[in-house]
Amino acid sequence: MPIDATQSYDDENIFAKILRGEIPSSKVYEDDWAYAFDDINPQAEIHTLVIPKGAYVSWDDFSARASDAEIGGFVRAVGHVARAKGLVEPGYRLLANIGAHGGQEVPHLHVHIFGGQPLGRMICN
Ligand code: AMP
């Protein structure tokens, strides 16, 4: 069920539980700003999620409220994970779903990294 992009942060969302270690995850990378783990229902050969450690509902919330250090750390972590997975050549895709029209289901900002195969057109209707 897609979320409302304007909702306040819910500490009990599944990615908050993963960050607290209450739910297992397939860890790919972690630093002071971000945590990365493989998606439980992969949509491509490589499908990894990167989330900020701070409590942000979505990209909208993050871009409005996060500090420059949090934003810089998170963006660098996404790039690091893609490089570590060997995706820069031949390429990959980043996706952040925001709110109902974006199809966002988990109300903690996450960037999807897709790769390992040709990914086709941007949007399938
Ligand atoms: P979105 O539609 O952008 O909110 O995507 C949420 C993503 O989280 C989906 O691709 C799910 O497969 C993934 N997901 C949900 N629960 C877990 C979990 N426990 N571990 C890893 N990925 C998950």
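Going by an unreviewed UniProt entry, the protein chain carries the name HIT domain-containing protein and comes from Parerythrobacter jejuensis.

A.B. asks: What's the story with the pattern of salt bridges in this structure? I'm lost.
C.D. replies: Evaluated as defined, the whole model comprises 7 salt bridges. For K17, the salt bridge is made with E12, and the minimal N-O distance between the two is 3.9 Å. Owing to a relative accessible area of 48%, E12 belongs among the partly exposed residues under this scheme. For E12, the salt bridge identified is with R20, shortest N-O distance 3.7 Å. A relative accessible area of 40% places R20 in the partly exposed class. When salt bridges with common partners are traced through the structure, they connect E12, K17, R20 and E22 into a single cluster.

A.B. asks: Looking at this structure, I do not really get the nonpolar core. What am I missing?
C.D. replies: Side chains that are nonpolar tend, in soluble globular proteins, to be buried together. Counting 16 residues, the largest nonpolar core has V50, F62, F74, V78, V81 and I113 as its most contacted members. Residue assignment for this core shows that the elements contributing at least two residues are β2 (34-38), β3 (46-52), α3 (68-84) and β5 (111-115). No other element matches α3, which puts 4 residues into this core. I113 has contacts with I46, H47, T48, V50, V78, V81, A82, L87, Y92, R93 and L94, leaving out every residue within four places of it along the chain. Counting 7 residues, the second-largest nonpolar core is a separate cluster that includes F15, I18, F37 and L49.

A.B. asks: Looking at this structure, I do not really get the pairing of strand β1 (residues 27-30). What am I missing?
C.D. replies: One face of the sheet, then the other: side chains in a regular strand alternate in exactly this way. Two elements, β1 and β2, share 3 bridges in a ladder whose sense is antiparallel. Note that in β2 the partner of K27 across the bridge is F37. Where β1 folds back onto β2 in an antiparallel hairpin, the turn is made up of 3 residues.

A.B. asks: Explain the environment of R76 to me, please; I cannot follow it from the model alone.
C.D. replies: Locating R76 in the fold gives a position in helix α3. The spatial distance from the C-alpha of R76 to the C-alpha of D39 is 20 Å, given a sequence separation of 37 residues.

A.B. asks: Sorry if this is basic, but what is going on with the site of the ligand here?
C.D. replies: Around the ligand, the structure places 17 residues, and the nearest of them are D39, N97, E105, H110 and H112. Contact between the ligand and N97: an oxygen atom at 2.8 Å from a side-chain N or O atom of the residue. Contact between the ligand and E105: an oxygen atom at 2.6 Å from a main-chain N or O atom of the residue. When isolated, the ligand has an accessible area of 510 Å², and the protein chains bury 84% of it.

The rules behind each value
- Residues numbered from 1 in each chain as written.
- Predicted model: local features only at pLDDT ≥ 70, side-chain atom pairs only at ≥ 80, totals over all residues.
- Heavy atoms only, no water.
- Salt bridge = Lys/Arg side-chain N within 4 Å of Asp/Glu carboxyl O.
- Buried < 20%, exposed > 50% of the residue type's maximum accessible area, 1.4 Å probe, protein only.
- Core = buried A, V, L, I, M, F, W, Y, C linked by side-chain atoms within 4.5 Å.
- Helix = DSSP H or I, 4+ residues; strand = E, 2+ residues; numbered from the N terminus.
- Contact = heavy atoms within 4.5 Å.
- Pairing = 2+ DSSP bridges.
- Near = heavy atom within 4 Å.
- Polar contact = N/O pair within 3.5 Å; in protein donor to acceptor, adjacent residues only side chain to side chain.
- Areas by Shrake-Rupley, 256 points an atom, 1.4 Å probe, with all protein chains shown as cover.

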